[in-house]
Amino acid sequence: MTRSAQWTPVPVPAGTDPHTVPSHWFNLVPSLPAPVPAPVEPEDTGDQDAWGPRIALQQRIRLDAVRAQDSASEPFLAIPERVREELAAIGRPTPLLRARALERYLETPARIYLKREDVLPTGSFKLNSAVAQAYFAAEQGVDTLVTETGAGQWGHAVAWAARRFGLKAVIYWAGVSARQKPGRKALIEMLGGEVYSSPSDRTPVGKALLRDGRHLLGSLGTAIGEAICHAAQHPDTRYISGSNLPHVLIQQTVIGQETKAQLAALGERPDTLVACVGGGSNLGGFMGPYLAEKAERGEELLLLGAESASAPRLTEGTLRYDHADPEGITPLTKSYTLGRDYELPETHVGGLRQHSGSPIIGVLRGEGLLDAVAYQEADAFETGRLVLSTEGMLIAPESCHALRAAVQRAVQARESGREEVIVACVSGNGVLDLDGYLAHR
Ligand SMILES: Cc1ncc(COP(=O)(O)O)c(C=O)c1O
């Protein structure tokens, strides 16, 4: 149970119409049981002094609107009409599918629902935030967006949204995943995006890593460092993030709000919500609107995060201040971390492969609201093949982790004869991850 004695999150109404895009984003920050620890400057800036104060740098290179969202105290933030139109145009609300074939295969009395973010045009939930941030950039008169990407799904979404709003996109991609997925690189380039495998020799951070022989496989962290360097050196460019920060989780709350409306229309109430967790944005967006229900129902509503055993922050890391990049050019933020020197192993699960995560997820886990489980890549792909052979969907390797947790709950329900309602967020499509599936045949 939560460690906070008095905790009264703002309730999110289920809404009466499961067919419309929500009118507001839910700001989960004021509904958390404890404040989100603010970023701080490192005391020892070492030889990275060239970057000056980290927090000031972040303020200079980020979009005004997202900085405002990060410090917003209102529980609901209106979604601009143009963004709502785009969200509808990309296919929101996304379907909520009852996975009956999977239930039959498992012979479980549990009812399993899948929130289908994989059906969006770029193949993942990342587009929800990319569309919002590209809109804000266009409104601000920005010319170019630069970002990092792990699995490539966020980079793909940014390239798509940038094109939609007449912007340029520059993407630094964790080298290991970039090399695994030439098809996604081709797609990003067809959309007009520029892609660089990180560490690269294009930025001081990339050059330092290459020179010292550190993090040569590349990671989300190396790409973050390079994208920030790039923005710092290009005044017409703004740096955007695809996870971790409050505004990204806030922009993803369309997922959870839609799920609530869809379940309410079916007369269902979830017992378990499960999502995979990297930086924490699909989990936060999916579960954030359920915080009030969690406060009311306690352990009767299980919030479960599934992470990769190759980057087990929530199950094996510590909750402390750390940099999000190995060179330390990001401010220190408090979240579960394995340490910025942690050399992440090669894996096909690029979206969950990072040493640290979101401070909001840190609060949820630290306060005892979020359970977590870690899976080996081979086991996650086994579940992916099960979902393909039952439901016919090829889901992203990251999403396979969420589904593995859902399947385990459903098996426990069979053993105890309990009619549990399990809702899993399918964060992405796996067609461009086929090599990962084939590596684990
Ligand atoms: C398909 C997919 N799911 C999940 C994630 C994890 O991101 P987050 O933890 O921000 O939801 C990623 C990240 O790249 C992804 O590509």
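Just so it is clear, the model here is predicted, and its values are computed rather than measured.

### Some details on the sheet that holds strand S5 (residues 144-149)
Part 1: Spatially, S7-S6-S5-S8 is the arrangement adopted by the four strands of the open sheet, whose pairing is parallel. The open sheet is flanked by strand S7 (194-198) and strand S8 (237-239), the only strands paired with a single partner. Pairs of neighbouring strands in the sheet enclose a mean axial angle of 20°, with direction left out of account.

### Let's talk about the domain arrangement of the protein chain
Part 1: Assigned domains of the protein chain: these are domain 1 (46-73 + 126-245) and domain 2 (91-123 + 247-439).
Part 2: Computed over C-alpha atoms only, the centres of domain 1 and domain 2 are separated by 23 Å.
Part 3: The interface of domain 1 with domain 2 comprises 50 residues on the first partner and 48 residues on the second.
Part 4: Area buried by domain 1 at its contact with domain 2 is led by Asn-128, His-215 and Asn-244, which between them contribute 18% of it.
Part 5: For the pair domain 1 and domain 2, the interface holds two salt bridges.
Part 6: Between Glu-327 and Arg-214 there is a salt bridge, with the nearest N and O atoms lying 2.5 Å from each other.
Part 7: Across the domain 1-domain 2 interface, the total number found is 19 residue pairs in polar contact (both at pLDDT 80 or more).
Part 8: Elements with a minimum of two residues in the side of domain 1 that touches domain 2: helix H1 (54-61), helix H2 (64-70), helix H5 (126-140), helix H6 (153-164), helix H7 (175-180), helix H8 (182-190), helix H9 (204-212) and helix H10 (220-233).
Part 9: Grouping the amino acids of the side of domain 1 that touches domain 2 by side-chain chemistry returns 21 nonpolar, 22 polar and seven charged.

### Side note on unusual backbone geometry
Part 1: Across the junction of Arg-92 and Pro-93, the peptide omega takes the value -10°, indicating a cis bond.
Part 2: Of note, Pro-93 is situated in the loop between helix H3 (81-89) and strand S3 (96-98).
Part 3: The phi torsion at Glu-107 lies on the positive side, around 50°, for a residue other than glycine.
Part 4: In this fold, Glu-107 is placed in the loop between helix H4 (100-106) and strand S4 (111-116).
Part 5: With phi around 50°, His-215 is a residue other than glycine that occupies positive phi space.
Part 6: Secondary-structure assignment places His-215 in the loop between H9 and H10.
Part 7: For His-215, a relative accessible area of 6% corresponds to the buried category.

### Some thoughts on empty space enclosed by the protein
Part 1: Summed over the entire model, instances satisfying the criterion amount to five cavities of 30 Å³ or more.
Part 2: Of the pockets and cavities examined, the largest cavity occupies roughly 50 Å³.
Part 3: Here the lining of the largest cavity is built from residues that sort into four nonpolar, five polar and one charged.

### Things to note about the sheet that holds S3
Part 1: A sheet is described by the order of its strands in space; here six strands give the open sequence S3-S4-S14-S9-S10-S13, paired in mixed fashion. Of all strands in the sheet, those with a lone pairing partner are S3 and strand S13 (370-375), marking the two edges. Each strand axis lies, on average, 25° off the axis of its neighbour in the sheet, ignoring direction.
Part 2: Sheet topology places S4 next to strand S14 (residues 421-426); six bridges connect them, and they run parallel. Counted as the bridge partner of Tyr-113 is Val-423 from S14.
Part 3: Contacting S4, strand S9 (272-276), strand S10 (302-308), S13 and S14, helix H18 (residues 397-416) crosses the sheet at an angle of about 150° to S9.

### Quick word on the environment of Val-66
Part 1: Its place among the elements puts Val-66 in helix H2.
Part 2: We classify Val-66 as buried; its relative accessible area is 1%.
Part 3: With 71 residues separating them in the primary sequence, Val-66 and Ala-137 have C-alpha atoms 9.6 Å apart.
Part 4: With near-sequence residues (within four places) excluded, Val-66 lies in contact with Gln-133, Phe-136, His-247 and Gln-251.

The rules we used
- Residues numbered from 1 in each chain as written.
- Predicted model: local features only at pLDDT ≥ 70, side-chain atom pairs only at ≥ 80, totals over all residues.
- Heavy atoms only, no water.
- Pairing = 2+ DSSP bridges.
- Helix = DSSP H or I, 4+ residues; strand = E, 2+ residues; numbered from the N terminus.
- Axes fitted to C-alpha atoms, helices over the stretch in contact; angles between N-to-C directions.
- Domains from an automatic or database assignment.
- Contact = heavy atoms within 4.5 Å.
- Buried area = accessible area lost by both parts, 1.4 Å probe.
- Salt bridge = Lys/Arg side-chain N within 4 Å of Asp/Glu carboxyl O.
- Polar contact = N/O pair within 3.5 Å; in protein donor to acceptor, adjacent residues only side chain to side chain.
- Nonpolar A, V, L, I, M, F, W, Y, C, P; charged D, E, K, R; others polar.
- Buried < 20%, exposed > 50% of the residue type's maximum accessible area, 1.4 Å probe, protein only.
- 1 Å grid on protein atoms, 1.4 Å probe; cavity = no way out; pocket = protein on both sides within 12 Å on 5 of 7 lines; lining within 4 Å.
- Points joined across faces, edges and corners; volume = space filled by probe spheres on them.

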